[in-house]
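In case you want the letters, here they are:
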Amino acid sequence: MALLNILKYPDERLHKIAKPVAQVDDDIRTLVTDMYEAHGIGLAATQVNVHKRVVVIDLSEEHNQLLVLINPNITQKDGETTYEEGCLSVPGIYDSVTRAERVTVEALNEQGEKFTLEAEGLLAICIQHELDHLIGKVFVEYLSVLKQDRIKTKLKKRIKHDL
């Protein structure tokens, strides 16, 4: 198990578009295991500077219900909901984002098997949030330019303070 370094906004590498996984092999399974150890409710490979279409999600209290999405694609969206989101790449920042209330996603699991999942509520929000990372988008980019600038300033100050 490798400890992965999570990129912090506004790191430009967070804006790289992830490439599809050509083959689900032991390297991808190791990546999934290492990402899962980050202990957030969701993590996209982009956030650990691996630009492949891999996402891990676990909404359980016990952190024992891993959902792996490899090469995920949302095929249907329905409804609208607003939820206060946070992100491991934007530590300490939370704000409301409007997304689809329900989604259908097609993906591969860690064995390379294709599946379809219908999700609603927090799971649907989390899927959309993580898939945004795969296309180089961070949740704060849904906010006003003024809020984005304030967040960047706050995080840059925090980085300087930590040095």
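Whatever comes next refers back to the structure up there.
All values derive from a computational prediction rather than experimental measurement.

(A) Seen up close, the overall build of the protein chain. Looking only at helices and strands, one finds 3 helices and 7 strands in the protein chain. Element order for the protein chain, N to C, with α for helix and β for strand: α-β-β-β-β-β-β-β-α-α. A compact globule built from 163 residues should have a C-alpha radius of gyration of about 15 Å, and the protein chain, at 15 Å, falls within 12% of that. Taken over the C-alpha atoms alone, the protein chain extends approximately 45 × 40 × 30 Å along its principal axes.

(B) Representation of the sheet that holds strand 2 (residues 54-57) in the model. The sheet built from 5 strands is open, its strands ordered 1-2-3-6-7 with antiparallel pairing. Of all strands in the sheet, those bounded by a partner on one side alone are strand 1 (42-44) and strand 7 (114-120). Between one strand axis and the next, the sheet turns by 40° as a mean value, whatever way the strands run. In the packing of helix 1 (residues 26-36) onto the sheet, the strands contacted are strand 1, strand 2 and strand 3 (67-78), and the crossing angle to strand 2 comes to about 40°. Helix 2 (residues 121-134) rests against strand 1, strand 2, strand 3, strand 6 (102-108) and strand 7 of the sheet, and its axis sits at about 110° to strand 3.

(C) Quick look at the nonpolar core. In this structure, V55, I57, L69, V103, I127, L131 and L134 are the most contacted members of the largest nonpolar core, which totals 17 residues. For this core, the secondary-structure elements that each account for two or more residues are strand 2, strand 3, strand 6, strand 7 and helix 2. In this structure L134 touches K16, I17, A18, A44, A45, T46, K52, R53, V54, V55 and P72, once residues within four positions along its chain are discounted.

(D) Quick peek at the pairing of strand 5 (residues 90-99). The sheet contact formed by strand 4 (residues 81-87) and strand 5 spans 6 bridges and is antiparallel. Across the sheet, T82 pairs through a bridge with T98, a residue of strand 5.

(E) Region of the structure containing the state of the cysteines. Following the criterion strictly, the structure yields 0 disulfides and no others. Free of any disulfide, C87 has its nearest cysteine sulfur in C126, 9.8 Å distant. Among the residues examined, C87 registers a relative accessible area of 12% and is labelled buried.

(F) Examining a nonpolar patch on the surface more closely. A grouping of I41, L59, Y83 and L122 is seen on the molecular surface, where their side chains present a nonpolar patch of about 320 Å² in accessible area. Position of L122 relative to the elements: it lies in helix 2. Judged by relative accessible area, L122 falls into the partly exposed class, the value being 34%.

Criteria and cut-off values
- Residues numbered from 1 in each chain as written.
- Predicted model: local features only at pLDDT ≥ 70, side-chain atom pairs only at ≥ 80, totals over all residues.
- Heavy atoms only, no water.
- Helix = DSSP H or I, 4+ residues; strand = E, 2+ residues; numbered from the N terminus.
- Rg over C-alpha atoms; globule rule 2.2 N^0.38 Å.
- Pairing = 2+ DSSP bridges.
- Axes fitted to C-alpha atoms, helices over the stretch in contact; angles between N-to-C directions.
- Contact = heavy atoms within 4.5 Å.
- Core = buried A, V, L, I, M, F, W, Y, C linked by side-chain atoms within 4.5 Å.
- Buried < 20%, exposed > 50% of the residue type's maximum accessible area, 1.4 Å probe, protein only.
- Disulfide = S-S within 2.5 Å.
- Patch = residues over 30% accessible without salt bridge, like charges linked within 9 Å, V, L, I, M, F, W, Y side chains within 5 Å.
- Areas by Shrake-Rupley, 256 points an atom, 1.4 Å probe, with all protein chains shown as cover.
- Salt bridge = Lys/Arg side-chain N within 4 Å of Asp/Glu carboxyl O.

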